[in-house]
Structure formats: C-alpha cells, structure tokens
Amino acid sequence: MKIYPLKDGDFSVDRNKNFTYLKDTENDKNLKMAVQPFLIETAGNLVLLDAGLGLMENGIPKIHDNIIKAGFKPEDVKLAMLSHLHKDHINGLVNSEKNDWTFNFPNAEVYIQKREYDFALSKDGSPSFDLDVLKFIVENANIVWMDSDKGCITSEIDFEVTGGHTPYHQVFWIKENGETAFYGADNLPQMGYLNYQIAFKTDYDGKKTMEERIIWKKRAKEEQWKILLYHDIENEIITL
C-alpha cells in the first residue's frame, strides 16, 4: 500500500466557510486548517479519499496536478470515497472553472451515503455545502449509493457510518499486507483531536465523535494504524 497526500494548501476559514490561503492573510482569529485529500494505491485499486476544494492551478484542477506529480493520471482513479458532503470534501470532483463543467475522474465510481445526501439537500443556503456541485456530481458521475451502517466495499476497504461531524458521516479503513490506513475525515481531522477529550460544538453530535476518538486511539495503538489527517497543517500521516 502506498499513500499520497494531495494537499490543496493551508487556509484561514471564516464563519461563512470562505477559504483563504494562509500566506494571503494577516494574523486573524479565523480557524486555521489544511485541506488534504488522499490517494491510496493498492494492488487492486487506486482510491481517492475525499476530493478537496476544487481549486485551479496553472490552468488545471489542483487535484489533477497533485495526482500527476504522484505518478498517476486522473483517469487511473477507480474508486472515490466521500466521508461526507461538505464543499471542502467534494468540490475537487468537479472542474467548475468554466461554464461547461466537467467531472474530474471519468473512470471512478463515487461512493456516497444516501442518507448523508438527503441531509445535504435539506441544507440549501448553508455555506458548508455547494449543492450545485453536489447535484452535478450525482447527475454526471458513476454513483454507488450506500445505505448500510457498516460493511466492506472491496476486500481491502471497510467503512462505518459514525455520524458525529454530520449525521451520516462515515470513516474508512484500507487494509493490505498487514497494514491498515484509517481515514477518520472530519471526526479525526487533526492530530490534536487525539490529545484532548473535547466535544466540539461545530459537530452535529460532538459527544459521539469524542467517544469514537477514544476508541480509535486505543485501536490505532494496538493495531499500528496509519492515521490520515485531512485538516492538519503540520501532519499528513501519523502512527501512535
């Protein structure tokens, strides 16, 4: 198994969910975070875990540029796993730079929790969601609708609906040759979340997420997980 972080950058995020590169901001009191999808290469698949902000760089989607730098082509991605449907996790699936939008990964199956999708549609007007992009994905991608609380996607990939950050947020384990990569997405977005038992008010159910992190920390130590951190500025992958 090989893991490739696909970092969009480090950002300051205001209450309206506007993302500004840290290098372009003065010292402000906004939330600071990275945006960092992951590409995982196994013997059988090339898997994308969430998709970032949909930024452009040098005239092409930044996520394409990062994938090419990792030694692949966007067409090589076979599976795209979405933890939840906030815009900073899905917009990189779409090139919306021009009027004629295109789907960035034409050969990928996109795995979406149907209940999370229904929840997202109920949040019209929320700055956390870009429903135009979400609807474009559903209409133009090869969607695999998920409706179970846990299970196996392939022999290498397990998932579980944990809720927490959003009502039907889900996490993933990718396992190969005795290695386990764990992607907790926004239920475990930064290393610091493991150090403090805090129920964050920004989560849909902060108490549940806090309790899950205690369990994951114990398992991660025992099983030597590689923990993938989507929003950590300093860390990409950690082991405990």
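The protein chain is annotated in an unreviewed UniProt entry as Metallo-beta-lactamase domain-containing protein from Sphingobacterium ginsenosidimutans. What UniProt states about the protein chain under its Sequence similarities (unreviewed entry) heading is, verbatim, "Belongs to the metallo-beta-lactamase superfamily."

Scanning the protein chain from N- to C-terminus turns up five helices and 19 strands. Seen along its three principal axes, the alpha-carbon backbone of the protein chain occupies a region of about 50 × 45 × 35 Å. Within the protein chain, contacts between residues at least 6 apart in sequence are counted, and of these 64% link residues at least 24 apart. Accessible surface computed for the protein chain: about 11,500 Å², of which carbon and sulfur atoms make up 45%. Between the averaged position of the 28 positive side-chain charges in the protein chain and that of its 39 negative side-chain charges there is a distance of 5 Å.

Sheet architecture is open: three strands sit in the order β3-β2-β4, paired in antiparallel fashion. Both outer strands of the open sheet, β3 (19-21) and β4 (31-35), are each paired with one neighbouring strand and no more. On average, each strand axis in the sheet is tilted by 40 degrees relative to the strand beside it, whichever way the strands run. As paired elements, strand β2 (residues 9-13) and β4 share five bridges and run antiparallel to each other.

Bringing helix α3 (residues 114-121) into the picture now. Within the sequence span of α3, burial applies to E116, Y117, F119 and A120. One face of α3 carries all of its buried residues, which in axial projection span an arc of 160 degrees.

The next subject is the sheet that holds strand β14 (residues 150-152). Strand order in this open sheet of six strands is β14-β15-β16-β17-β18-β19, and the pairing throughout is mixed. Looking at the sheet topology across the chains shown, the edges are occupied by β14 and β19 (237-238).

Below, the discussion takes up the UniProt feature "domain: Metallo-beta-lactamase" (unreviewed entry) in the protein chain. Under the feature "domain: Metallo-beta-lactamase" (unreviewed entry), the UniProt entry names residues 34-231. Along residues 34-231 the backbone is 24% helical and 27% strand, and the end-to-end C-alpha distance reaches 4 Å.

When we look at burial in helix α4 (residues 131-140), the residues that qualify are L131, V133, L134, F136 and I137. Those residues of α4 hidden inside the fold are in contact with α2 (87-90), β10 (94-95), β11 (102-103), α3 and β13 (142-146).

Taken N-terminus to C-terminus, the directions of α3 and α4 make an angle of 145 degrees; their axes are 11 Å apart at the nearest point. The element α3 and its partner α4 pack so that their crossing is left-handed. Contact residues: Y117, A120 and L121 in α3; L131, L134, K135 and V138 in α4. The residue inventory of the contact of α3 with α4, partitioned by class, reads six nonpolar, no polar and one charged.

Moving on, we get to the environment of E211. Its place among the elements puts E211 in helix α5 (residues 206-223). Separated by 53 residues in sequence, E211 and D158 have C-alpha atoms that sit 20 Å apart.

Tracing the backbone through its elements, the reader meets R15 in the loop between β2 and β3. According to the relative accessible area criterion, R15 is exposed, its value standing at 77%.

You can see R213 is positioned in helix α5. Among buried Asp, Glu, Lys and Arg side chains, R213 stands out as unpaired, with D203 the closest opposite charge at 4.6 Å. Beyond its immediate stretch of four places on either side in the chain, R213 contacts N187, L188, Y193, L194, I198 and F200.

The next subject is the pattern of salt bridges. Counted by the stated rule, this structure contains 11 salt bridges. Notably, a salt bridge pairs D10 with K7, separated by 2.9 Å at the nearest N-O pair. For D10, a relative accessible area of 22% corresponds to the partly exposed category. E179 is the salt-bridge partner of K226, the closest N and O atoms lying 2.7 Å from each other. Of this pair, K226 sits in strand β18 (residues 226-228) while E179 sits in strand β17 (residues 179-183); the two residues are 47 residues apart in sequence, bridging distant segments of the chain. Looking at K226, the relative accessible area reads 27%, which means it is partly exposed. Assessed through its relative accessible area of 27%, E179 is described here as partly exposed.

What counts, and at which threshold
Residues numbered from 1 in each chain as written. Predicted model: local features only at pLDDT ≥ 70, side-chain atom pairs only at ≥ 80, totals over all residues. Heavy atoms only, no water. UniProt positions renumbered as here; feature names shortened; annotations may be inferred. Helix = DSSP H or I, 4+ residues; strand = E, 2+ residues; numbered from the N terminus. Contact = heavy atoms within 4.5 Å. Areas by Shrake-Rupley, 256 points an atom, 1.4 Å probe, with all protein chains shown as cover. Lys, Arg positive; Asp, Glu negative; His and termini not counted. Charge placed at Lys NZ, Arg CZ, Asp CG, Glu CD. Pairing = 2+ DSSP bridges. Axes fitted to C-alpha atoms, helices over the stretch in contact; angles between N-to-C directions. Buried < 20%, exposed > 50% of the residue type's maximum accessible area, 1.4 Å probe, protein only. Arc of directions from axis to C-beta. Left-handed = near helix turned anticlockwise from the far one by under 90°. Nonpolar A, V, L, I, M, F, W, Y, C, P; charged D, E, K, R; others polar. Salt bridge = Lys/Arg side-chain N within 4 Å of Asp/Glu carboxyl O.

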